[in-house]
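Residues per chain are reported as follows:
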Amino acid sequence: MRRTVFNEDHEAFRETIRAFIEAEVVPVYDEWLAAGQAPRDFYYKLGELGLFGIEVPEEFGGAGEESFKFQAVVSEECARAGVSFGGSSVHTGLCLPYVMAYATDEQKKRWLPGFVNGETMFAIAMTEPGTGSDLAGMKTAAKLSADGSHYLLNGAKTFITGGVHADRVIVCARTAPATAEDRRAGISLFVVDTKSEGYAVGRKLDKLGLKTSDTAELSFSDVKVPLDDLLGEEGKGFSYLGQNLPQERLAIAVGAYSQAAAAIRFAQAYVQERVVFGKSVASFQNTKFELAACKAEVDAAEAVVDRALDAHDRRELTAADAASAKLFCTEVAGRVIDRCLQLHGGYGYMNEYPIARLYADNRVNRIYGGTSEVMKSIIAKSMGL
């Protein structure tokens, strides 16, 4: 069945991304894995390719597109090749919507040209040690200085993807205490310059998967944040986070679906080549049934993703819709990738095979962006339960 979610422009872009991955990423990907991150200069290449500016207005050096589907194409092509672009997905997928929605014209003029060409890489810092998904429990605080000329930022963040290479970080911090009526009150967003005194990058975290994304701990000790680097209105941060979460969860759903589809492709190629007991593994009925069952699940995930992508481009994707798509696609991917690894036998456990990396990379999809349990709570609430 032919997919209709992408048009000719998307498919032409797909060809460009696929060729770029084959030329610039696949040959050096093992080096990235060994280093635990993509090199900083790779992001300049993505900037030259135009990847960072697709959804940025032309006046700031971008292409002025409004469709999220171009980012979906990138996710699919990375998964197809068994690679990732490090922390760049956070730069465009998570950070750009905040800048576009809440930055002033002056801030956009300062930040977006560097955003587009890769000179100013962005990350976002929400999660704190000990709070996990409970963002309302954050302790990082920003207080006005005595003379009112700047904020003083203090606190710590963890699990910050892109945190090592970032030049600017959107930091969520308390500018007022939570109230008994509303724990979410008093949170603001700041676009912090990582060269500021008192800003420190701690450990680069050693993760199970996603080895090429630089994920770090951050700390802030009396970091001076200019008033002009407040993003949006003071105290409105939590509502801003809520408004952007549907796209974040859609991106995770797309990534999970893409990884599951890639797993089938890797497994199908492997079982057709691998010979045991004098026959190809593909010739056994169990192999055929396993792959057929996996394909049926991925077909369903594709339909869910495509419906959500269309809804998002129409600005109709609700929080519950996004939660449902994320829950379904990430759970499907977990099952499918596990079964495809099993078909590889012992070789599926070897990191030289892309299925092993997919297995490790995929596991976090059911955790970040809100756990599967949080997704179920959101869906249940939308049902009036």
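### A short note on the overall build of the protein chain
And step 1. Summing up its helical and strand segments, the protein chain has 11 helices and 10 strands in all.
And step 2. Computed over C-alpha atoms, the radius of gyration of the protein chain comes to 21 Å, within 12% of the 21 Å expected from 2.2 N^0.38 for 385 residues, which places it in the range of a compact globule.
And step 3. Viewed in the frame of its principal axes, the protein chain has a C-alpha envelope of about 80 × 50 × 40 Å.
And step 4. A buried classification covers 52% of the 385 residues belonging to the protein chain.
And step 5. Of all intrachain contacts in the protein chain linking residues separated by at least 6 positions in sequence, the fraction that spans at least 24 positions is 75%.
And step 6. As displayed, the protein chain has an accessible area near 18,000 Å², and 52% of this comes from carbon and sulfur atoms.
And step 7. Charge-centre separation for the protein chain: the mean point of 42 positive side chains lies 6 Å from the mean point of 52 negative side chains.

### Focus on the packing of helix 5 (residues 88-102) against helix 6 (residues 105-117)
The angle between the axes and the distance between the axes are what describe a pair of packed helices.
And step 1. Contact geometry for helix 5 and helix 6: axes closest at 10 Å, N-to-C directions at 160°. Taken together, helix 5 and helix 6 sit at an angle that is classed as roughly antiparallel. Pair helix 5 / helix 6 crosses with left-handed handedness. For the pair formed by helix 5 and helix 6, the contact residues are His91, Thr92, Leu96, Val99, Met100 and Tyr102 on the first element and Gln107, Lys108, Trp111, Leu112 and Phe115 on the second.
And step 2. Grouping the constituent residues of the contact of helix 5 with helix 6 by class yields seven nonpolar, three polar and one charged.

### Details of the pairing of strand 3 (residues 150-161)
And step 1. One ladder, built from four bridges, connects strand 2 (residues 141-144) with strand 3; its direction is antiparallel. Looking at the pairing, Ala141 lines up with Asn154 of strand 3.
And step 2. In sequence, strand 2 turns back onto strand 3 through a hairpin of five residues, with Gly148 there showing a positive phi of about 70°.

### Overview of the pattern of salt bridges
And step 1. Summed over the entire model, instances satisfying the criterion amount to 23 salt bridges.
And step 2. For the salt bridge of Asp310 with Lys69, the shortest nitrogen-to-oxygen distance reads 2.6 Å. Taken together, the residues span a long stretch of sequence, with Asp310 in helix 8 (residues 285-313) and Lys69 in helix 4 (residues 69-81) at a distance of 241 residues.
And step 3. On the basis of relative accessibility, which here comes to 27%, the residue Asp310 falls in the partly exposed class.
And step 4. Between Glu290 and Arg339 there is a salt bridge, with the nearest N and O atoms lying 3.2 Å from each other. Taken together, the positions of Glu290 in helix 8 and Arg339 in helix 9 (residues 319-343) put the pair 49 residues apart, joining distant regions of the chain.
And step 5. Taking the relative accessible area as the measure of exposure, Arg339 reaches 23% and is therefore partly exposed.
And step 6. Overlapping salt bridges bring together Arg3, Glu11, Arg14, Arg18, Glu76, Glu77, Glu302 and Asp306 as one network.

### Some words on the packing of aromatic side chains
And step 1. Under the defined criterion, the tally for this structure stands at 15 aromatic pairs.
And step 2. With a centroid separation of 6.0 Å and 35° between ring planes, the pair formed by Phe20 and Phe42 is classed as tilted. Of this pair, Phe20 sits in helix 1 (residues 8-25) while Phe42 sits in helix 3 (residues 40-49), and the two are 22 residues apart along the sequence. By the burial criterion, Phe20 is buried, and Phe42 matches it.
And step 3. Here Tyr29 and Trp32 contribute two aromatic rings whose centre-to-centre distance is 5.9 Å and whose plane-to-plane angle is 55°, an arrangement assigned as tilted. Of this pair, Tyr29 and Trp32 both sit in helix 2 (residues 29-35), three residues apart, roughly one helical turn. Comparing Tyr29 with Trp32, the two get one shared label, buried.

### Re the side chain of Thr330
And step 1. Of note, Thr330 is situated in helix 9.
And step 2. A polar side-chain atom of Thr330 sits 2.6 Å from the main-chain carbonyl oxygen of Lys326.
And step 3. When residues no more than four places from it in sequence are discounted, the contact partners of Thr330 are Ile252, Ala256, Asn365, Arg366 and Ser372.

### Observations concerning the environment of Val169
And step 1. In this structure, Val169 sits in strand 4 (residues 168-174).
And step 2. Residues Val169 and Phe190 lie 21 residues apart in sequence; the distance between their C-alpha atoms is 7.8 Å.
And step 3. Apart from the residues within four sequence positions on either side, Val169 is in contact with Ala123, Ile124, Ala125, Phe190, Val191, Val192, Thr194, Tyr199 and Leu218.

### Points about helix 5
And step 1. End to end, helix 5 covers 21 Å across 15 residues, agreeing with the expected 21 Å (1.5 Å per residue, within 8%).
And step 2. Its maximal kink placed at Cys95, helix 5 deviates by approximately 45°, while the proline Pro97 follows within four residues.
And step 3. Of all 15 residues in helix 5, 12 are buried; the element is thus mostly enclosed.
And step 4. Along helix 5, the residues that are buried comprise Ser88, Val90, His91, Thr92, Gly93, Leu94, Cys95, Leu96, Pro97, Tyr98, Val99 and Tyr102.

### Focus: a nonpolar patch on the surface
And step 1. On the surface, a nonpolar cluster with roughly 360 Å² of combined accessible area is contributed by Tyr347, Tyr349 and Met350.
And step 2. Here Tyr347 falls in the partly exposed class, since its relative accessible area comes to 38%.

### Thoughts on helix 6
And step 1. Taking 1.5 Å of rise per residue, 13 residues should cover 18 Å, and helix 6 covers 19 Å from first to last C-alpha, within 8% of that figure.
And step 2. Its maximal kink placed at Trp111, helix 6 deviates by approximately 35°, while the proline Pro113 follows within four residues.
And step 3. Buried residues of helix 6: Gln107, Lys108, Trp111, Leu112, Gly114, Phe115 and Val116, and no others.
And step 4. Each element contacted by the buried residues of helix 6 is listed here: helix 3, helix 5, strand 1 (122-125), strand 4, strand 5 (187-193) and strand 8 (230-231).

About the criteria used
- Residues numbered from 1 in each chain as written.
- Predicted model: local features only at pLDDT ≥ 70, side-chain atom pairs only at ≥ 80, totals over all residues.
- Heavy atoms only, no water.
- Helix = DSSP H or I, 4+ residues; strand = E, 2+ residues; numbered from the N terminus.
- Rg over C-alpha atoms; globule rule 2.2 N^0.38 Å.
- Buried < 20%, exposed > 50% of the residue type's maximum accessible area, 1.4 Å probe, protein only.
- Contact = heavy atoms within 4.5 Å.
- Areas by Shrake-Rupley, 256 points an atom, 1.4 Å probe, with all protein chains shown as cover.
- Lys, Arg positive; Asp, Glu negative; His and termini not counted.
- Charge placed at Lys NZ, Arg CZ, Asp CG, Glu CD.
- Axes fitted to C-alpha atoms, helices over the stretch in contact; angles between N-to-C directions.
- Parallel < 35°, antiparallel > 145°, perpendicular 65-115°, else oblique.
- Left-handed = near helix turned anticlockwise from the far one by under 90°.
- Nonpolar A, V, L, I, M, F, W, Y, C, P; charged D, E, K, R; others polar.
- Pairing = 2+ DSSP bridges.
- Salt bridge = Lys/Arg side-chain N within 4 Å of Asp/Glu carboxyl O.
- Phe/Tyr/Trp six-rings, centres within 6.5 Å; stacked < 30°, edge-to-face > 60°.
- Polar contact = N/O pair within 3.5 Å; in protein donor to acceptor, adjacent residues only side chain to side chain.
- Expected span 1.5 Å × (residues − 1).
- Bend = angle between axes of the 7 residues up to and from the residue.
- Patch = residues over 30% accessible without salt bridge, like charges linked within 9 Å, V, L, I, M, F, W, Y side chains within 5 Å.

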